[in-house]
Amino acid sequence: MKSRNKGKDFCMFGLPGMFCFFAVVIVPFIYGIYLTFTDWDGVSKVKNFIWFENFKGVIRDKEFWTSLLLTFKYVIVVVILVNVIAFVIAYLLTRGIKGQNFFRAGFFTPNLIGGIVLGYIWQFVFSRVFVSIGESTGWEMFEASWLSDPNLAFAALVLVSVWQLSGYMILIYVAGFMGLSEDVMEAASIDGASGWVKMKSIVLPLMMSSITICLFLTLSKAFMVYDVNLSLTSGGPYGTTEMAAMHVYEKAFTSRQFGVGQAEALILFIVVACISGIQVYLTKKQEVEA
């Protein structure tokens, strides 16, 4: 009787989710691997097998490797800034300050705005608002749009990404801080542990589960950034802010080299999966229980 009820529950709740997962994730993934061995241009009905020619095309595609290196630089900066800022703000918002619930909601709000809309909003800010500030104050930093300068365009992309992602990570860190054992913290205070010693030896080890989640989420989101990249800079100026995901899209759908684009997407997936897996493994080893 129990097994029959379990079967009913699985058919009602588990089976639809599993079907959607296979239909949306597994089947397209397998089909994508198949396309890496064909010369399909995304339009024609004929798909000829060319085996590893697409991967040879990836090796010859210098722009892809340039965008991948730029993506690594972007990921490093964004992951560090997002997690440091989110951790510090979450710590402050769990110290009992006045209006902390209002601030939590406020910091989370940017995460609710879609990446495309967010990019266009900040495009207006960098191109109009900052330039107006520069004209009225004479500050050289704001005299021209950040999006027209290769170095400042990258900084603008990082700034918008950090502003968007930090709010979600703050909530995770806040939940981690609120879950810390009061007994452990009081025992540390009684033993004479100072603020930094308490943070280094007690708070950080107990927060490692939250750190693991936040690092994983920021890594995956930063590596796969596309919407903000498209609406804010469109890869410009002169392709200097074109991230790997945007290059893959352009290669597959604009240049109609779908096989090469799919091969590049597969390589990007493997890179992200390996780095994320190593990160989760290393941070999981640091986790402790109160």
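None of the values given here were measured: they were computed from a predicted structure. (Residues numbered from 1 in each chain as written. Predicted model: local features only at pLDDT ≥ 70, side-chain atom pairs only at ≥ 80, totals over all residues. Heavy atoms only, no water.)

**Notes on the overall build of the protein chain**
- Counting its regular elements, the protein chain contains 12 helices and zero strands.
- Helices (α) and strands (β) of the protein chain occur, in sequence order from the N terminus, as α-α-α-α-α-α-α-α-α-α-α-α.
- By principal-axis analysis of the C-alpha atoms, the protein chain measures approximately 80 × 75 × 30 Å.
- Counting across all 290 residues of the protein chain, residues that qualify as buried make up 40%.
- Long-range pairs, those at least 24 residues apart, make up 68% of the contacts in the protein chain between residues at least 6 apart in sequence.
- If you sum the accessible surface of the protein chain, you get close to 16,900 Å²; carbon and sulfur atoms cover 68% of it. (Helix = DSSP H or I, 4+ residues; strand = E, 2+ residues; numbered from the N terminus. Buried < 20%, exposed > 50% of the residue type's maximum accessible area, 1.4 Å probe, protein only. Contact = heavy atoms within 4.5 Å. Areas by Shrake-Rupley, 256 points an atom, 1.4 Å probe, with all protein chains shown as cover.)

**So, unusual backbone geometry**
- Residue glycine 236 is joined to proline 237 through a cis peptide bond whose omega torsion reads 0°.
- Considering the arrangement of structural elements, one finds proline 237 in the loop between α10 (227-232) and α11 (244-254).
- The phi dihedral of tyrosine 238 is positive, around 60°, even though this residue is not glycine.
- Residue placement: tyrosine 238 occurs in the loop between α10 and α11.
- The phi dihedral of arginine 256 falls on the positive side, at around 60°, and the residue is not glycine.

**Brief notes about the environment of glutamate 143**
- Among the secondary structure elements, glutamate 143 is positioned in the loop between α5 (115-137) and α6 (150-178).
- Spatially, the C-alpha atoms of glutamate 143 and isoleucine 133 are 7.8 Å apart, while their sequence positions differ by 10 residues.
- Apart from residues no more than four positions distant in its own chain, glutamate 143 is found in contact with Val131, Gly134 and Gly138.

**Some words on the packing of helix α3 (residues 62-92) against helix α12 (residues 258-285)**
- In the contact formed by α3 and α12, the axes pass within 12 Å of each other and the chain directions differ by 25°. In terms of axis orientation, α3 runs roughly parallel to α12. Read as a crossing pair, α3 and α12 show a hand that is right-handed. When α3 is examined against α12, the residues Phe64, Leu68 and Phe72 are found in contact with a partner set consisting of Glu264, Ile267, Leu268, Val271 and Ile275. (Axes fitted to C-alpha atoms, helices over the stretch in contact; angles between N-to-C directions. Parallel < 35°, antiparallel > 145°, perpendicular 65-115°, else oblique. Left-handed = near helix turned anticlockwise from the far one by under 90°.)

**Observations concerning the nonpolar core**
- Membership of the largest hydrophobic core comes to 62 residues, with the highest contact counts inside it found for Tyr74, Phe126, Tyr173, Phe177, Met207 and Leu232.
- Looking at this core, the element that brings in the most residues is α6, giving 13 residues.
- If we ignore the near neighbours within four places in the chain, the residues touching tyrosine 173 are Asn83, Ala86, Phe87, Ala90, Met207, Ser210, Ile211 and Cys214. (Core = buried A, V, L, I, M, F, W, Y, C linked by side-chain atoms within 4.5 Å.)

**Quick look at a nonpolar patch on the surface**
- On the surface, Met18, Phe21, Phe22, Val24, Val25 and Val27 cluster together into a nonpolar patch covering about 550 Å² of accessible area.
- Looking at the element boundaries, valine 27 is found in helix α1 (residues 2-35). (Patch = residues over 30% accessible without salt bridge, like charges linked within 9 Å, V, L, I, M, F, W, Y side chains within 5 Å. Salt bridge = Lys/Arg side-chain N within 4 Å of Asp/Glu carboxyl O.)

**Re the environment of tryptophan 65**
- Tracing the backbone shows tryptophan 65 in helix α3.
- For tryptophan 65, a relative accessible area of 34% corresponds to the partly exposed category.
- Note: C-alpha distance between tryptophan 65 and alanine 244 (179 residues apart in sequence) is 8.2 Å.

**Describing the pattern of salt bridges**
- What the rule picks out here adds up to two salt bridges.
- For glutamate 53, the salt bridge identified is with lysine 56, shortest N-O distance 3.4 Å. Residue glutamate 53 and its partner lysine 56 are both found in helix α2 (residues 53-60); the two are separated by three residues, about one turn of the helix.
- Classification of lysine 56 by relative accessible area gives partly exposed; the value is 42%.

**Topic: α11**
- All of the buried residues along α11 are Ala244, Ala245, Met246, His247, Val248, Lys251 and Ala252.
- The inward-facing, buried residues of α11 abut α3, α10 and α12.
- With its phi angle positive at about 60°, arginine 256 sits one or two positions after the end of α11.

**Quick look at the confidence of the model for the protein chain**
- For the protein chain, per-residue confidence averages 84 on the pLDDT scale, and 92% of positions sit at 70 or higher.
- Looking over the protein chain, one finds the lowest element-wise mean pLDDT in helix α7 (residues 182-190), namely 69, and the highest in α3, namely 93. (pLDDT = per-residue confidence, 0-100.)

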